[in-house]
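Chain by chain, the residues:
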Amino acid sequence: MDEGVSRIRRRVSVRKRDRPSLGSGFAAPTAAELKPGDEEGEEEMVAGSRRRKTVEVQPVENDSEEDMFGDYDSFAENSFLAQVDDLEQQYMQVPEHRKHASDLSTEDLCSESIKHNKLSITTVGNFTELKTDEHIKNQSRHENVSIEPDILYDVPSSQVLYFENLQNSSDDLGNQSTKERDWNASSHKIVNEELPQNRIEQHQQIDDSSSKVRTSSEENRRKSLKEHLKSAMTGNAKAQTPIFSRTKQLKETLLSEEINVAKKTIESSSDDLGPFYSLPSKVRDLYVQFKGIEKLYEWQHTCLTLNSVQERKNLIYSLPTSGGKTLVAEILMLQELLCRRRDVLMILPYVAIVQEKISGLSSFGIELGFFVEEYAGSKGKFPPIKRREKKSLYIATIEKGHSLVNSLIETGRIGSLGLVVVDELHMIGEGSRGAILEMTLAKILYTSKTTQIIGMSATLNNVEDLQEFLQAEYYTSQFRPVELKEYLKINNAIYEVDCKAENGITFSRLLNCQYSDTLKKMDPDHLVALVTEVIPNYSCLVFCPTKKNCENVAEMICKFLSKEYLKQREKEKHEVIKNLKNISSGNLCPVLKRTIPFGVAYHHSGLTSDERKLLEEAYSTGVLCLFTCTSTLAAGVNLPARRVILRAPYVAKEFLKRNQYKQMIGRAGRAGIDSVGESILILQEKDKQQVLELISRPLENCYSHLVQEFTKGIQTLFLSLIGLKIATNLDDIYHFMCGTFFGVQQKILLKEKSLWEITVESLRYLTEKGLLQKDAINKSEEEIQYSFHITKLGRASFKGAIDLAYCDILYRDLKKGLEGLVLESLLHLIYLTTPYDMASQCVPDWMIYFRQFSQLSPAEQNVAALLGVSENFIGKKASGQAIKKKVDKDIVNRLYLSFVLYTLLKETNIWSVSEKFNMPRGYIQSLLTGAASFSSCVLHFCEELEEFWVYRALLGELTKKLTYCVKAELIPLMEVTGVLESFNQKHSSA
């Protein structure tokens, strides 16, 4: 019998075409383990297999976007586990097994439904007998086979790419898949034309001892088609099935492969929850495998075992840069996802850091069975997809994190958020972004008492205020894995920073360099001498005050470097240049073309995101040894160096702040590579006193910007509080304000007015602007209580996340557009979705403006005329003539940026547009990203106002064009999950 069963298994062991290889780690019980009456053992096996799930692929969601099938994750129509469970119920008649069927059907085992070869399992003693239902097999011959294109629709794109990479690496399975695809091509004909009677007869001969089974099978064959359909439908109803169509059921299943994988998994599974800070030991193994971390630092162990952490109290912790703060946060996030089974939100300051973290944690998500979802730029779904079993790690920027929290509150799901981690917590005191971060945390504190908040930073000072705001414990340490030595350079002398010395510095050495007269003029600060002390064997960062200075310094250094530098990793540098050309349609910045052969490059916002990513990878691998960069790199991705040089104590024209200084010098010293890190601040004699104060004074305090950022702060907060029904009357709103960071600091920040007065004034302003409406409620005969509700315009502004400074202007522009919307070109729509804030900062080149204006078609000139901008006006501005007629400056500037975007959509080449408008390509890319985001905001704005129904379809298409910036015929392709990311990844790593 065993031989016959094996033969049948070999015949039906067909690998699904184009299915990603998921490797090992899938838990599935074999029939042999399902013994009658052994309910206790089965429960342990089910629980064990559930704990060992490693991969999740969700089916396409239904309209409500709720995961109606729990944790059922399969690329195929039905899993072997579900069939085992159904048949177990049928033959064993154990009611308790129904509960386990739901759990078993959720295992992450890629399988396919067997409609034409339905397997029944009959348990006899200690062995399992398999039989084939021939009649159902005969029925299924006439069914069609189709390929589902959207199997991975619901999987985050970052994890789809991980699946693809995993598939490519599985050579042995790939070879098998190739053979089986060939088999599939011919098998359709065989199945449709020939009755596989021989197989059944052979199987029946093997099962001579099973006469009852054969008799039953004969009776089944005599049943009517109606009865078989009814039986099949009943079986399908018992098993949890995915929502996508069940059409790929003619192919034979992966039965033998599933059984083998299941056996291996069951043999290797163990209840080891806990060995690694309450996590499975597999997590520790993954950190060794993916990040090379074998042991935690002492402070990390201490922090993770704090009573406050064990009791899930809110926590703020602060350590110097490179101290290993992120690892603690990651372990706490994994505890929440795997042990407590709740979702986690991680808030990071910049898109680049979000993408870096997505890349780093996606592999953990695949191995440990949770989703990693990106909320940055144009990415993110609001509200997020609701799932019953698998949990999600949302990694978001500050703005997207706020929108995500709003959507969870609105749908009543904020309680599903178990943990919120905030990196760079000190940013709560930085302008409008700080105000948004404060609003996000305040709403979480107010609406969910079960959500834990963890904040971390390297530059915190007034921690007491933050502790009171977040109701958090505090942990700090001065640990740094690599010693950091700080130096100042004045003329030829280098001084070491020493807090014990009288004036804070002690003499270290004289810079020994022999400069020619030419070099002295070109390099008065001796940058060439300082960098050549470390490169090319070690890496170096040179922070410059401006973007232009970065490029000039990079070129200057390369002019005086020895030709020997050209021979260092020459092939790899040529490969970097080749890749830069590939991602830029054959274009290459002339500065980079001259500097990269020496291992030098500049890094600032003038680069496109693809260029930055490629250069960062080259630097991380040591192909490039020197970056000249702006201060943004200090707060961006992690690019440490042996030596960090600050070209001047300025950021643009502003003197360096202590926080900025600490962020920059914190990049010095690479853990595991360098034994020491060095920072050198170059200064002139005139700045000496200010610099001495800079290195000795404490870090700057964080202060709330909630009221200071009026339209982006307190007004937006009040509108969302009322729109989300968190607080709708004056008393409740005031109570909420008292619990904010601003409420904690009101005695320091408020001098003339009280918090109550500011609250009343803000509500009055929103009411007068038509965003709120006040209703009177009789609280008692003597006292009247007022409540507020949001108007349609207010809801549109809130839903669209429109800056309240521009909501009335946007409404007016859209209303005016309805009177004469020009649809012969995209220019008019592009103008309506050009960000207001970027237009206010724009300074047009009038000669370029005039040249572009003169090339407009009549329809496009009509758009300008509707806006009150004429060619004559632009011509006079270009020639410097006096202009009598006044034209709104913001309209003129916004139209200029619209020309840039319009040209970019037509040409889809940033380089040519950059040259045509004399703008940095990085700025143009930022403009494009901003326009795509604002277009999406305007679309949500219009969806809330019926009068703007005409814009809905138009803006939906425009948002896609701005997001992808490709030819119109390629947009459907770019919308396929993973295509855009694969395209970018291919060009970035080619």
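Just above, that's the structure.
So, here's what we can say about the structure. Every value quoted in this text rests on a predicted model; they were computed, and no experiment measured them.

Some words on the environment of Arg284
Part 1: When you line up the elements, Arg284 lands in helix H12 (residues 281–291).
Part 2: For Arg284 and Ile331, which are 47 residues apart along the polypeptide, the C-alpha to C-alpha distance reads 9.9 Å.
Part 3: Leaving out residues up to four positions away in the same chain, Arg284 has contacts with Pro275 and Phe276.

A look at the sheet that holds strand S11 (residues 493–497)
Hydrogen bonds between backbone groups are what pair the strands of a sheet, and the pairing can be parallel or antiparallel.
Part 1: Spatial strand order, S12-S11-S10-S19-S16-S13-S15-S14: 8 strands in an open sheet with mixed pairing. Of all strands in the sheet, those with a lone pairing partner are strand S12 (505–510) and strand S14 (600–603), marking the two edges. Ignoring which end each strand starts from, the neighbouring axes of this sheet average 25° apart.
Part 2: Sheet topology note: the S14/strand S15 (residues 626–629) ladder contains 4 bridges and is parallel. Bridge pairing links Tyr602 to Thr628 in S15.
Part 3: Contacts from helix H22 (residues 547–559) reach strand S13 (540–543), S14 and S15, with the element oriented near 150° to S15.
Part 4: Packed on one face of the sheet, helix H26 (residues 658–665) meets strand S10 (483–490), S13, strand S16 (643–646) and strand S19 (676–683) and runs near 145° to S16.

A closer look at the packing of H12 against helix H15 (residues 325–339)
Part 1: Contact geometry of H12 with H15 gives a least axis separation of 12 Å together with a crossing angle of 135°. Taken together, the axis directions place H12 and H15 in an arrangement best described as oblique. Between H12 and H15 lies a crossing whose hand is right-handed. The residues of H15 that touch H12, namely those facing Val283, Tyr287 and Lys291, are Leu327, Glu330, Ile331, Leu334 and Leu338.
Part 2: Across the contact of H12 with H15, the residue classes tally to 6 nonpolar, no polar and 2 charged.

Let's talk about the pairing of S13
Part 1: In S13, alternate side chains face the same way, and those of Cys540 and Val542 on one face and Leu541 and Phe543 on the other are all buried.
Part 2: Direction of pairing for S13 relative to S16: parallel, over a ladder of 4 bridges. Looking across to S16, one finds that Leu541 is bridged to Val644.

So, the sheet that holds strand S9 (residues 472–476)
Part 1: Taking strand neighbours across the sheet as the criterion, the 7 strands line up as S5-S6-S4-S7-S8-S3-S9 in an open arrangement whose pairing is parallel. Edge strands, defined here as strands with exactly one partner in the open sheet, are strand S5 (371–375) and S9. Pairwise comparison of adjacent strand axes, ignoring direction, gives a mean angle of 15° for this sheet.
Part 2: Relative to strand S6 (residues 392–396), strand S4 (residues 343–347) is paired through 4 bridges, and the arrangement is parallel. Looking at S6, one finds that Leu345 is bridged to Tyr394.
Part 3: Against the sheet, H15 makes contact with strand S3 (314–318), S4, S6, strand S7 (417–423) and strand S8 (452–457), and its axis sits at roughly 160° relative to S4, the strand it touches most.
Part 4: Against the sheet, helix H18 (residues 431–447) touches S3, S4, S7 and S8, its axis set at about 155° to S7.

A word on unusual backbone geometry
Part 1: Cis geometry marks the peptide bond from Phe382 to Pro383; its omega dihedral reads -10°.
Part 2: Here Pro383 lies in the loop between S5 and S6.
Part 3: Between Ile535 and the following residue, Pro536, the backbone shows a cis peptide bond with an omega angle of 5°.
Part 4: You can see Pro536 is positioned in the loop between helix H21 (527–532) and S13.
Part 5: The phi torsion at Tyr277 lies on the positive side, around 50°, for a residue other than glycine.

Considering the packing of aromatic side chains
Geometry of an aromatic ring pair is reported as the spacing of the ring centres plus the angle between the planes.
Part 1: Summed over all chains, the structure comprises 24 aromatic pairs.
Part 2: Ring centres 6.2 Å apart and planes at 20° place the aromatic pair Trp299 and Tyr475 in the stacked group. Remark: Tyr475 occurs in strand S9 and Trp299 occurs in helix H13 (residues 298–304); sequence separation between them is 176 residues. An identical accessibility class is assigned to Trp299 and Tyr475; each is buried.
Part 3: A ring pair is formed by Tyr734 and Trp756, whose centres lie 5.1 Å apart and whose planes are at 70°; its orientation type is edge-to-face. Of this pair, Tyr734 sits in helix H29 (residues 730–738) while Trp756 sits in helix H32 (residues 755–768), and the two are 22 residues apart along the sequence.
Part 4: Residue classification places Tyr734 among the partly exposed positions, given a relative accessible area of 25%.
Part 5: Looking at Trp756, the relative accessible area reads 35%, which means it is partly exposed.

Overview of the pairing of S10
Part 1: With 8 bridges joining them, S10 and S19 adopt parallel strand pairing. Its bridge partner being in S19, Glu486 is matched across the sheet by Ser679.
Part 2: Relative to S11, S10 runs antiparallel, the two sharing 4 bridges. Within S11, the position partnered with Tyr487 by the bridge is Glu496.
Part 3: Taking the residues that link successive antiparallel strands as the turn, the S10-S11 hairpin has 2 residues, and the phi of Asn491 there is positive, at about 60°.

Re helix H43 (residues 949–964)
Part 1: Counted at 1.5 Å a residue, the expected span for H43 with its 16 residues is 22 Å, and the 24 Å between its end C-alpha atoms agrees.
Part 2: Along H43, the helix axis deviates most sharply at Leu955, where the bend reaches about 30°.
Part 3: Count one or two residues on from H43 and you reach Cys965, which has phi positive near 50°.

Structural notes on the pattern of salt bridges
Part 1: All told, the structure shown has 25 salt bridges when counted by the stated rule.
Part 2: For the salt bridge of Lys357 with Glu330, the shortest nitrogen-to-oxygen distance reads 3.1 Å. Highlighted residues: Lys357 in helix H16 (residues 351–368) and Glu330 in helix H15, separated in sequence by 27 residues.
Part 3: Across the pair Glu678 and Arg643 runs a salt bridge whose closest N-O atoms are separated by 2.8 Å. Taken together, the residues Glu678 in strand S19 and Arg643 in strand S16 connect sequence positions 35 residues apart. Comparing Glu678 with Arg643, the two get one shared label, buried.

Some words on the packing of helix H28 (residues 714–723) against H29
Part 1: Two elements in contact, H28 and H29, have axes separated by 11 Å at closest approach and are oriented at 125°. The orientation of H28 relative to H29 falls into the category oblique. For the element pair H28 and H29, the recorded crossing hand is right-handed. For the pair H28 and H29, contact is made by Ile714, Leu717, Phe718, Leu721 and Ile722 and by Ile733, Phe736 and Met737, respectively.
Part 2: Residue composition of the contact of H28 with H29, grouped by class: 8 nonpolar, no polar and no charged.

Structural notes on the environment of Val351
Part 1: Along the polypeptide, Val351 turns up in helix H16.
Part 2: Residue classification places Val351 among the partly exposed residues on the basis of a relative accessible area of 35%.
Part 3: In sequence terms Val351 and Glu374 are 23 residues apart; their C-alpha atoms lie 9.7 Å from each other.
Part 4: The contact partners of Val351, leaving out residues within four places of it in the chain, are Ala376, Gly377 and Thr397.

A short note on the environment of Glu496
Part 1: Considering the arrangement of structural elements, one finds Glu496 in strand S11.
Part 2: For the pair formed by Glu496 and Lys485, sequence separation is 11 residues and the distance between their alpha carbons is 7.4 Å.
Part 3: The contact partners of Glu496, leaving out residues within four places of it in the chain, are Lys485, Glu486, Tyr487, Gly504, Ile505, Thr506 and Ser508.

Digging into the side chain of Asp423
Part 1: You can see Asp423 is positioned in strand S7.
Part 2: Here Asp423 is buried and forms no salt bridge, its nearest opposite-charge partner Lys325 lying at an N-O distance of 6.0 Å.
Part 3: For Asp423, the residues in contact, after removing those within four places along its chain, are Ile347, Leu348, Pro349 and Met456.

Criteria and cut-off values
- Residues numbered from 1 in each chain as written.
- Predicted model: local features only at pLDDT ≥ 70, side-chain atom pairs only at ≥ 80, totals over all residues.
- Heavy atoms only, no water.
- Helix = DSSP H or I, 4+ residues; strand = E, 2+ residues; numbered from the N terminus.
- Contact = heavy atoms within 4.5 Å.
- Pairing = 2+ DSSP bridges.
- Axes fitted to C-alpha atoms, helices over the stretch in contact; angles between N-to-C directions.
- Parallel < 35°, antiparallel > 145°, perpendicular 65-115°, else oblique.
- Left-handed = near helix turned anticlockwise from the far one by under 90°.
- Nonpolar A, V, L, I, M, F, W, Y, C, P; charged D, E, K, R; others polar.
- Buried < 20%, exposed > 50% of the residue type's maximum accessible area, 1.4 Å probe, protein only.
- Phe/Tyr/Trp six-rings, centres within 6.5 Å; stacked < 30°, edge-to-face > 60°.
- Expected span 1.5 Å × (residues − 1).
- Bend = angle between axes of the 7 residues up to and from the residue.
- Salt bridge = Lys/Arg side-chain N within 4 Å of Asp/Glu carboxyl O.
- Lys, Arg positive; Asp, Glu negative; His and termini not counted.

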